[in-house]
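Geometric and topological summary
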Amino acid sequence: MEKVIVNLAYLLSASLFIFGLKGLSHPKTAVRGNLTASVGMLIAVLVTLLDKRIIDFSFIVAGLIVGALIGTILALKVEMTAMPQLVALFNGFGGGASALVAGSALMETHEPSIPFLLATVASGLIGAVTFSGSGVAFAKLQGLMKERPIRYSGEQIVKALVGLLGLGLGALIVLNPQSTFLYWILLAVGLVLGVLLTIAIGGADMPVVIALLNSYSGLAASATGFVLENNALIISGSLVGASGIILTNLMCKAMNRSLTNVLFGGFGEVKAQSDDIYEGKVKATTPEEVALLLEGARRVVIVPGYGMAVAQAQHAVRDLFNLLESKGIEVEFAIHPVAGRMPGHMNVLLAEVDIPYEKMKDLDEINPSFEQTDVVIVVGANDVVNPLAQTDPKSPIAGMPVLEVWKARTVVVIKRSLSPGFAGIPNPLFAMDNTLMLFADAKKALQEIVNALKES
Amino acid sequence: MEEWVMYLTVFVLSMFVGFEVITKVPPTLHTPLMSGSNAISGITIVGALISAGSGHSTLTTLLGFIALVFATINVVGGFLVTHRMLEMFKRK
């Protein structure tokens, strides 16, 4: 009877998770959705604490306090610009926890069945890859490691061999469940594999990798659910797995690249000749000139990119937005799906400075409106506004959906120099007749434009 | 074996539910979606609680304890930071 009640409580938790995720379909219901999901989690934890197998609460209390303290500090202290690395970190902890729980279950079980062992191996391998992969992603995003992809000859063979080694060890564990030390070797191989897979990924491909690791952390939890024969874990894990897969797919589509290409192909080594493209055609401008342009505009579109996050320029963007709106100028934001370092990164930064979400438009929504736009301001974006994606079929970004900013009357690009973006290719936009380059730090440039506008 | 087919059924069906529900989340909320769903994957905390408290052996207790710390960081931090972000979207 008691087991029935516990399982019904888990079913309630899982249902609350689904309602919670459903709430995320609109900004207005999202806060409640997140609270609903957290209530589901609380119910799952409380019901588990009533489990008769638990004989000693000292480690439980200690673990909950330590974990809650660290989690709270991280969640409250983090800057919005650092959100990608925090999510990577949390992903890693989730994956690591799943792998350890599965390992502990393996040691506690005397005559494990084949499905149990298969699930344990899956949880261990996926969990370990998630843990170390997220660690590397965190280090790259936090600037502890170079963002450039690390490449070496025979790289794919090395990865394939380590992957095969992991699968071979898995088979060995299924055949010899008593040799639990094999599980620890499996975890070690998983950790190495996670590192190898992620060091090869460069900065701007991070959105894909974080979404993928998100999916892995869910799948690891699901596999652990099979190990513990617990539906709550299976359901919740697969929900998260599905979410990560959807986001991974969206990110790949937004770059017109396959997942295989992102994971194993990679950009970042191309050395392009750009001098002849820019020679004599680039027009530099000043904040005062941009202010004059804006004075006469009726519709302005701002295109934020990762450079806005790096320069912490979102507050300056807000000031410009407010000033233009007060002058009766229509302002909207064009947000490319892969702008920034994780899905939705730019939206969070703009929400932080109180930009209404109705003003944030995605690619398909904003592209038809550029022809009616007087001034486009590009703040720290490059590859996502590169016309080569449409004109040069040989370009590494050929076919990638881009923001067609060049269709506007005037384009102002705020950028420190003419250096190429992540794809390593020149951007003909910078040399177009209707483009003006404002060479400066994004934050400083925007503040100067605001000041010039106020004076006029 | 039969119960494993049941678990697999649950797994596959909730995958479909996941695809249905999450496809409707707008791009604007993709970051909170990731951190929020990430907190949900911390459900593994349930297994960690039992490992840490069942006193099966010193090693499993230790493993359970580490897993519990990891999972709690994931759950508490994940829900909290998601709440922080979503509040910003609600303001206007």
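Residues numbered from 1 in each chain as written. Chains lettered and ligands numbered in written order. Predicted model: local features only at pLDDT ≥ 70, side-chain atom pairs only at ≥ 80, totals over all residues. Heavy atoms only, no water.

**Focus: the packing of helix H4 (residues 83–108) of chain A against helix H5 (residues 114–142) of chain A**
Residues and elements named next belong to chain A.
- The interhelical angle for the contact between H4 and H5, taken along N-to-C directions, is 155°, at an axis separation of 7 Å. Taken as axis vectors, H4 and H5 run roughly antiparallel relative to one another. In terms of crossing hand, the pair formed by H4 and H5 is left-handed.
- A per-class count over the contact of H4 with H5 returns 15 nonpolar, 13 polar and no charged. (Axes fitted to C-alpha atoms, helices over the stretch in contact; angles between N-to-C directions. Helix = DSSP H or I, 4+ residues; strand = E, 2+ residues; numbered from the N terminus. Parallel < 35°, antiparallel > 145°, perpendicular 65-115°, else oblique. Left-handed = near helix turned anticlockwise from the far one by under 90°. Nonpolar A, V, L, I, M, F, W, Y, C, P; charged D, E, K, R; others polar.)

**Notes on the confidence of the model for chain B**
- For chain B, the mean per-residue pLDDT works out to 93, and 98% of the residues sit at or above 70.
- As scored by the predictor, the complex reaches a pTM of 0.91 and an ipTM of 0.96. (pLDDT = per-residue confidence, 0-100.)

**Some words on helix H1 (residues 2–23) of chain B**
- Along its 22 residues, H1(B) runs 32 Å from first to last C-alpha, staying within 8% of the 32 Å computed at 1.5 Å per residue.
- Turning to H1(B), its buried residues are B:Trp4, B:Tyr7, B:Val10, B:Phe11, B:Ser14, B:Met15, B:Gly18, B:Val21 and B:Ile22. One side of H1(B) holds all its buried residues, which, seen down the axis, span an arc of 140°. In this structure, H1(B) carries B:Glu2, B:Val5, B:Met6, B:Leu13, B:Phe16, B:Glu20 and B:Thr23 as exposed residues pointing more than 90 degrees from its buried face.
- For H1(B), the secondary structure elements touched by its buried residues are helix H1 (2–23), H5, helix H8 (206–228) and helix H9 (231–254) of chain A together with helix H2 (30–41) of chain B. (Expected span 1.5 Å × (residues − 1). Buried < 20%, exposed > 50% of the residue type's maximum accessible area, 1.4 Å probe, protein only. Arc of directions from axis to C-beta. Contact = heavy atoms within 4.5 Å.)

**Description of a nonpolar patch on the surface**
- A contiguous nonpolar surface patch, about 580 Å² in accessible area, is contributed by A:Phe57, A:Val61, A:Ile65, A:Val66, A:Leu69, A:Ile70 and A:Ile73.
- Mapped onto the fold, A:Val61 is located in helix H3 (residues 58–77). (Patch = residues over 30% accessible without salt bridge, like charges linked within 9 Å, V, L, I, M, F, W, Y side chains within 5 Å. Areas by Shrake-Rupley, 256 points an atom, 1.4 Å probe, with all protein chains shown as cover. Salt bridge = Lys/Arg side-chain N within 4 Å of Asp/Glu carboxyl O.)

**Some words on H2(B)**
All names here are of chain B.
- The end-to-end C-alpha distance of H2 is 16 Å, a good match for the 16 Å that 12 residues give at a rise of 1.5 Å each.
- Of all 12 residues in H2, 12 are buried; the element is thus mostly enclosed.
- Turning to H2, its buried residues are His-30, Thr-31, Pro-32, Leu-33, Met-34, Ser-35, Gly-36, Ser-37, Asn-38, Ala-39, Ile-40 and Ser-41.

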